[in-house]
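# Close look at the chain arrangement
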Amino acid sequence: MGINQSAASNKQAEQTEKLTDAVKASMSRTSEQGSQFTEATRNGMSKMADLGAKASDDAKQIVQKNVDTASQQAREASDRFTRVLGFTGQDSERLARQPSRTSRRSRGAARS
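The notes below deal with the structure included here. Keep in mind that this is a model prediction, so the values were computed, not measured.

This part takes up the pattern of salt bridges. What the rule picks out here adds up to 2 salt bridges. Of the charged contacts, one joins R42 and E39 as a salt bridge, the two residues approaching to 2.9 Å between their closest N and O atoms. Separated by 3 residues within a single helix, R42 and E39 lie in helix 1 (residues 2-85), roughly one turn from each other. For E39, a relative accessible area of 38% corresponds to the partly exposed category. In this structure, K54 engages D58 in a salt bridge whose closest nitrogen and oxygen atoms are separated by 3.2 Å. In this pair, K54 and D58 both sit in helix 1, 4 residues apart, roughly one turn of the helix. Residue class for D58 comes out partly exposed when judged on its relative accessible area of 31%.

Shown next as structure tokens:
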């Protein structure tokens, strides 16, 4: 009976060792996959942050170009208006400073 017990103990030890090795290998693979996932997530977040910054810069440039274009168009319209109506120099400055009748009426209505 001693030999059978010893053989059974040896077999049990072998199975336990194989199981332990399998668990260690599985844990190692799981750890490696976790590291890969973490790195992929970090890279993805970094790319998203870069894209967000680029989108913000692009939007800022677009707004600035629109403001510049609107300003240029306003200057051009003002120049055309001045040329068409024949106002020059001091006349145009004097007219620009005068409040229009409409704005005087608007202010009068607002006070009422």
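Having seen it, we continue.
A cluster of nonpolar side chains, contributed by L19, V23 and M27, occupies part of the molecular surface with about 310 Å² of accessible area. Inspection of the secondary structure assignment puts V23 in helix 1.

Calculation criteria
Residues numbered from 1 in each chain as written. Predicted model: local features only at pLDDT ≥ 70, side-chain atom pairs only at ≥ 80, totals over all residues. Heavy atoms only, no water. Salt bridge = Lys/Arg side-chain N within 4 Å of Asp/Glu carboxyl O. Helix = DSSP H or I, 4+ residues; strand = E, 2+ residues; numbered from the N terminus. Buried < 20%, exposed > 50% of the residue type's maximum accessible area, 1.4 Å probe, protein only. Patch = residues over 30% accessible without salt bridge, like charges linked within 9 Å, V, L, I, M, F, W, Y side chains within 5 Å. Areas by Shrake-Rupley, 256 points an atom, 1.4 Å probe, with all protein chains shown as cover.

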